[in-house]
Amino acid sequence: MSIRLSTSKQLKLLRILQSYTCRSFLHLRHLSAEPQRPSDQFNDSIINQALQLLQIPDNEWNTTQINHLLFSDPPHSPHLFFQISRRLPSHSQAIKFLKYLREHSPAPDIEYLSFILQAIIDLGIRELGSPADLYELYKASKEWNVPLTADSAATLLCLFRKSGMVEESFILFNELEGSVKNTRICNILLPFLLKAGRVDDALKVLDEMFQPNCDFHPNDVTGGIIFSWLIKSRTTGKIILDAKVVELVLKLGDYGVFPNSIWLTQMISALSRNRNGNIASSLLLELMNKGAIVATASCNALLTGLGRQGNLDGMNKLMAKMKQMGIQPNVITYGIIIKQLCRIRKIDGALEILETMNGALVESDVIIFNTLIDGLCKVGRQEEGLGLMERMKLHKGCAPNTVTYNCLIDGFCKVGEIERGLELFDEMKEEGVVLNEITVNTLVDGMCRNGRTSSAAEFLEQMQAKGFKSCAFAYTSLIHAYGNVNNIGKAMEYIQQMMKEGCSVDAMVYYNLINGLCKAGKMDDAMVVLSKMKEDGFFPDIICYNVLISAFCNRNKIDEAYKLLEDMEEAKVEPDCITYNTLISYFGKCGHLRMVLRLMKRMVKDDIAPTVFTYGTVIHAFCLKGKIDEAMNIFKNMNAAASKVTPNTEIYNILIDSFCKNDSVEQAVSLLDDMIVKDVKPSSITFNSIFKVLRERKLLEQAFDLMVRMREQGCNPDYITLEVLTEWLSDAGETERLKNFLEG
């Protein structure tokens, strides 16, 4: 029987095991009489003799006897020296023994000194207990030029880690000889550095483990430390570059160290949420190529991310790779693909996936059916959606639910088939499917959009009588509908009812009503709603003011527009580009050029950059007044403006038409040349203005040239072009040229 643990429990277990490893290691170092050693048998008599020789004061030690006893041929194992040192009465006595041998030993090899130091550290743990004192002991060993053994280093690191001595730990590690370092030591240090936030130092340790000539490569424990840290960092919001994550995971993969299914799935999900679907895809595919066992869940996480980015090609490639690697898609896999296909309106492809599932003996679930039904309804295939619901009923455990019916009701309401929606609503009740606010809101909104506002209000009242609590969406639909039919009183009643029932009334409810009234030209009603809006504690923003100002300007009610500008000033709402453009357009149409220029200057003074619409409006105003020279000056200033506004086709057309009407065909053609140079595409209107003046002046050859240029620009003639050219060229006997022009 296999046992599956959640990610949080796995991380907790890993921390416990790491902590237990250090504690157990220290405990065993205290209890054991010797470190791990070869299977040779120590000569107890030699140890006892050595201890007898060392019991006398150190200044009376007999060098000849000690050397004869300890340095025989063949030489004793370094473990013999460890045993002797461990049995000395104190660590200070052991230190004297080490110093004595450094001065009097005939053997050049200092390996046995490292084992004596190991014994000194063990004795120091029992006697001193203070990690700081042991660190001083370590520094003393550096002065004695006696290197640590791997066991000594591991012991000290565990002690320092327990006491939070991160800097001392990192110094010790860096000062270790390469032959002493091993994977176990790195695995003790890595979580300590990461927990202390010294990520760069931890990565340096990892880089050392990744070196090709290194003897201590990462193992599964290393991987567990790094993977758990990566997951924890992502969930706590700490910034880790996604490229660095992938690099670490792939480097560990080079040593056969791979994240488990849960960790890998979380990594892929985190990368995908950051819009790094390509990086996530590269990571998963590389791990597959390196031999990692990848579960379906990890593939599903990547499919979800790719779907969120709309990368259907990437999803198809991953599905092909899954097939190649023998990774079986499950119902979630198919659901992700179907959802994406429905999102991009490829419904037939989604239906094919449903058939593929049946062939693969993967049972569809309610979510997949609902996704397909919603997709069919969104593309106007409601009847097929109904058929799929009937098929859904035949699947065990796939009974249609509230979402199913809501999708179908919404689909029929969107195409104006309200009665079909109501039939489905009745069917829901008969089948015992629970209604929710979306069901009611959809029907209310559908009725309102199709001119059945009274029916919508009556339906909502019936539902309220049955205990249904209304929400802002249903009320907003009714408010908007009553506003459109000029029933402001009813709309305001629903706003009051919303407040009374505790529904969230926001400024958008008022904005939508005001906007609808402005479009209908009901400005008095719009101002009534504006006043009510202020009474209820909502203040209009610049968008609301712009809608009202534009509506008043369109109806030549400039005084009311001015009042709104004063209202804006009192409310400290700054005008924007749209406000100025609306007013400039109004005064331009009225021919008030002085006001147009004044508004434009004020616009620049307020640090609002004029747009191409602003310049077009001003140029058009001057052209209407026949002041073409002033219009050209404004045109020339466009490119010199701070915003570097580029003239568009409409502005060129206004100027060209004005020059043509003033019989200045040369200037008109010059502007056409300027258009083409600046890559502004001419339209049929551009050429028609010039054709008209050429016909009036009977400049046939120039007209032929203009026809060629029109074809070169890929501009199709319209009915005005034909009206101008047909009679003129026919009278001139150029019907064949006209025919070729039209065919071109």
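Here the structure is a predicted model, which means the values were calculated and not measured.

Undergrad: I'd like a description of the overall build of the protein chain, backed by residues and values.
TA: Secondary structure assignment for the protein chain yields 41 helices and zero strands. Seen along its three principal axes, the alpha-carbon backbone of the protein chain occupies a region of about 135 × 75 × 65 Å. By the burial criterion, 49% of the 744 residues in the protein chain qualify as buried. Restricting the contact set of the protein chain to residue pairs at least 6 apart, pairs at least 24 apart contribute 64%. By element, 51% of the accessible surface of the protein chain is carried by carbon and sulfur atoms, the whole surface being about 37,600 Å². Put simply, the protein chain has 81 plus and 89 minus side-chain charges, and the middle of one group is 2 Å from the middle of the other.

Undergrad: I'd love a proper account of the nonpolar core, names of residues and values included.
TA: Of all hydrophobic cores here, the largest spans 243 residues; its most connected members are Leu70 and Leu101. If we ignore the near neighbours within four places in the chain, the residues touching Leu70 are Ala50, His76, Phe81, Ile84, Phe97 and Leu101.

Undergrad: Go over the pattern of salt bridges, please, and point to the residues and values.
TA: Evaluation of the coordinates by the stated rule reveals 32 salt bridges. For Glu247, the salt bridge is made with Lys244, and the minimal N-O distance between the two is 3.9 Å. Remark: Lys244 and Glu247 occur in helix α13 (residues 242-253); sequence separation between them is three residues, near one turn of the helix. For Glu247, a relative accessible area of 34% gives the class partly exposed. What you see here is one network of salt bridges that share partners, running through Glu383, Glu417, Arg420 and Glu423.

Undergrad: Could you give an account of the layout of surface pockets, naming the residues involved and the relevant values?
TA: Left-over empty space is what a probe sized like a water molecule reveals as it rolls over the atoms. Volume-wise, the second largest pocket comes out at about 520 Å³. When residues of the lining of the second largest pocket are traced back to their parent elements, those giving at least two are α31 (558-570), α32 (577-590) and α33 (593-605). Of the residues forming the lining of the second largest pocket, the biggest block, six residues, is contributed by α31.

Undergrad: Lay out the environment of Ala520 in plain terms, naming residues and giving numbers.
TA: Mapped onto the elements of the fold, Ala520 is located in the loop between α28 (507-519) and α29 (523-535). On the basis of relative accessibility, which here comes to 42%, the residue Ala520 falls in the partly exposed class. In sequence terms Ala520 and Glu60 are 460 residues apart; their C-alpha atoms lie 116 Å from each other.

Undergrad: Tell me about the packing of aromatic side chains, residues and numbers included.
TA: Taken as a whole and judged by the stated rule, the model has 14 aromatic pairs. Ring geometry for Phe71 versus Phe81: centroids 5.7 Å apart, planes at 40 degrees, classification tilted. With Phe71 in the loop between α3 (63-70) and α4 (78-86) and Phe81 in helix α4, the pair connects residues that are 10 residues apart, well separated along the chain. You can call Phe71 buried: its relative accessible area is 18%. The exposure class assigned to Phe81 is buried, which follows from its relative accessible area of 3%. Aromatic side chains Phe425 and Phe459 sit 5.3 Å apart centroid to centroid with 75 degrees between the ring planes, which places their arrangement in the edge-to-face category. With a gap of 34 residues between them, Phe425 in helix α23 (residues 418-431) and Phe459 in helix α25 (residues 453-465) connect regions that are remote in the sequence. Across this residue pair, the class does not change: Phe425 and Phe459 are buried. Every member of this aromatic cluster is reached through a ring pair, and the members are Phe71, Phe81 and Tyr112. Positioned above the aromatic ring of Phe173 is the side chain of Lys181, whose terminal nitrogen or guanidinium carbon lies 4.3 Å from the ring centre.

Undergrad: Please set out the side chain of Lys522 residue by residue, giving values where relevant.
TA: With respect to the helices and strands, Lys522 occurs in the loop between α28 and α29. No salt bridge forms around the buried Lys522; measuring N to O, its nearest opposite-charge neighbour Asp525 is 6.1 Å away.

Undergrad: Provide a residue-level description of a positive patch on the surface, including the pertinent values.
TA: A surface patch of like charges, here positive, comprises Arg273, Arg308, Lys339 and Arg343. Within the secondary structure layout, Arg343 lies in helix α18 (residues 331-343).

Undergrad: An account of the packing of α31 against α32 is requested, with residue identities and associated values reported.
TA: Following both chains from N to C, one finds α31 and α32 inclined at 160 degrees, their axes separated by 12 Å at the closest point. In terms of axis orientation, α31 runs roughly antiparallel to α32. Classified by chirality, the crossing of α32 by α31 is left-handed. Where α31 approaches α32, its residues Ile558, Tyr562 and Leu565 are matched on the opposing element by Thr579, Leu583, Tyr586 and Phe587.

Undergrad: Describe helix α40 (residues 719-731), listing the residues and the values that go with them.
TA: With 13 residues, α40 extends 18 Å between its outermost C-alpha atoms, agreeing within 8% with the 18 Å of an ideal straight helix rising 1.5 Å per residue. A bend of about 25 degrees at Leu725 is the largest found in α40. Three or more residues of α40 are buried, namely Thr721, Val724, Leu725, Trp728 and Leu729. Packed against the buried residues of α40 are α38 (684-696), α39 (700-712) and α41 (735-743). Among the residues of α40, the N-terminal cap falls to Asp718, whose side-chain oxygen and the backbone nitrogen of Ile720 are separated by 3.1 Å. Downstream of α40 by one or two residues, Gly733 has phi in the positive range, about 75 degrees.

Undergrad: Mind laying out the side chain of Asp445, listing which residues take part and the relevant values?
TA: One can find Asp445 in helix α24 (residues 437-449). A distance of 2.8 Å separates a polar atom in the side chain of Asp445 from a polar atom in the side chain of Ser477.

Undergrad: Break down the packing of helix α15 (residues 277-289) against helix α16 (residues 296-308) for me, citing the residues and quoting the values.
TA: Running from amino to carboxyl end, α15 crosses α16 at an angle of 155 degrees, the nearest separation of the two axes being 9 Å. In terms of their interaxial angle, α15 and α16 are classed as roughly antiparallel. Pair α15 / α16 crosses with left-handed handedness. Here Gly277, Ala280, Ser281, Leu284 and Met288 of α15 lie close against α16, whose contacting residues are Ser298, Cys299, Leu302 and Leu306. When grouped by side-chain class, the residues that make up the contact of α15 with α16 number six nonpolar, three polar and no charged.

Undergrad: Quick rundown of the environment of Leu137? Include the residues and the values.
TA: Looking at where Leu137 falls in the secondary structure, it is placed in helix α7 (residues 131-144). For Leu137, a relative accessible area of 9% puts it in the buried group. Separated by 20 residues in sequence, Leu137 and Leu117 have C-alpha atoms that sit 9.5 Å apart. Residue contacts for Leu137: discarding those within four places in its chain leaves Ile95, Ile120, Ile121 and Trp144.

Undergrad: Please set out the environment of Ile225 residue by residue, giving values where relevant.
TA: Its place among the elements puts Ile225 in helix α12 (residues 220-235). Here Ile225 falls in the buried class, since its relative accessible area comes to 2%. When the C-alpha atoms of Ile225 and Leu190 are compared, they prove to be 7.5 Å apart, with 35 residues separating the residues in sequence.

Undergrad: Which residues make up unusual backbone geometry, and what values go with them?
TA: Non-glycine residue Asp679 carries a positive phi angle of around 60 degrees. Within the fold, Asp679 resides in the loop between α37 (665-677) and α38. Under the relative-accessibility criterion, Asp679 is labelled exposed at 71%.

Undergrad: Outline the state of the cysteines, listing residues and values.
TA: Any covalent bond linking the sulfur atoms of two cysteines counts as a disulfide. In the structure shown here, the tally under the stated rule is zero disulfides. Free cysteine: Cys553, not disulfide-bonded; nearest cysteine sulfur from Cys590 at 8.5 Å. For Cys553, a relative accessible area of 6% gives the class buried.

Rules used in this analysis
Residues numbered from 1 in each chain as written. Predicted model: local features only at pLDDT ≥ 70, side-chain atom pairs only at ≥ 80, totals over all residues. Heavy atoms only, no water. Helix = DSSP H or I, 4+ residues; strand = E, 2+ residues; numbered from the N terminus. Buried < 20%, exposed > 50% of the residue type's maximum accessible area, 1.4 Å probe, protein only. Contact = heavy atoms within 4.5 Å. Areas by Shrake-Rupley, 256 points an atom, 1.4 Å probe, with all protein chains shown as cover. Lys, Arg positive; Asp, Glu negative; His and termini not counted. Charge placed at Lys NZ, Arg CZ, Asp CG, Glu CD. Core = buried A, V, L, I, M, F, W, Y, C linked by side-chain atoms within 4.5 Å. Salt bridge = Lys/Arg side-chain N within 4 Å of Asp/Glu carboxyl O. 1 Å grid on protein atoms, 1.4 Å probe; cavity = no way out; pocket = protein on both sides within 12 Å on 5 of 7 lines; lining within 4 Å. Points joined across faces, edges and corners; volume = space filled by probe spheres on them. Phe/Tyr/Trp six-rings, centres within 6.5 Å; stacked < 30°, edge-to-face > 60°. Lys NZ or Arg CZ within 6 Å of the ring centre and 35° of its normal. Patch = residues over 30% accessible without salt bridge, like charges linked within 9 Å, V, L, I, M, F, W, Y side chains within 5 Å. Axes fitted to C-alpha atoms, helices over the stretch in contact; angles between N-to-C directions. Parallel < 35°, antiparallel > 145°, perpendicular 65-115°, else oblique. Left-handed = near helix turned anticlockwise from the far one by under 90°. Expected span 1.5 Å × (residues − 1). Bend = angle between axes of the 7 residues up to and from the residue. Polar contact = N/O pair within 3.5 Å; in protein donor to acceptor, adjacent residues only side chain to side chain. Nonpolar A, V, L, I, M, F, W, Y, C, P; charged D, E, K, R; others polar. Disulfide = S-S within 2.5 Å.

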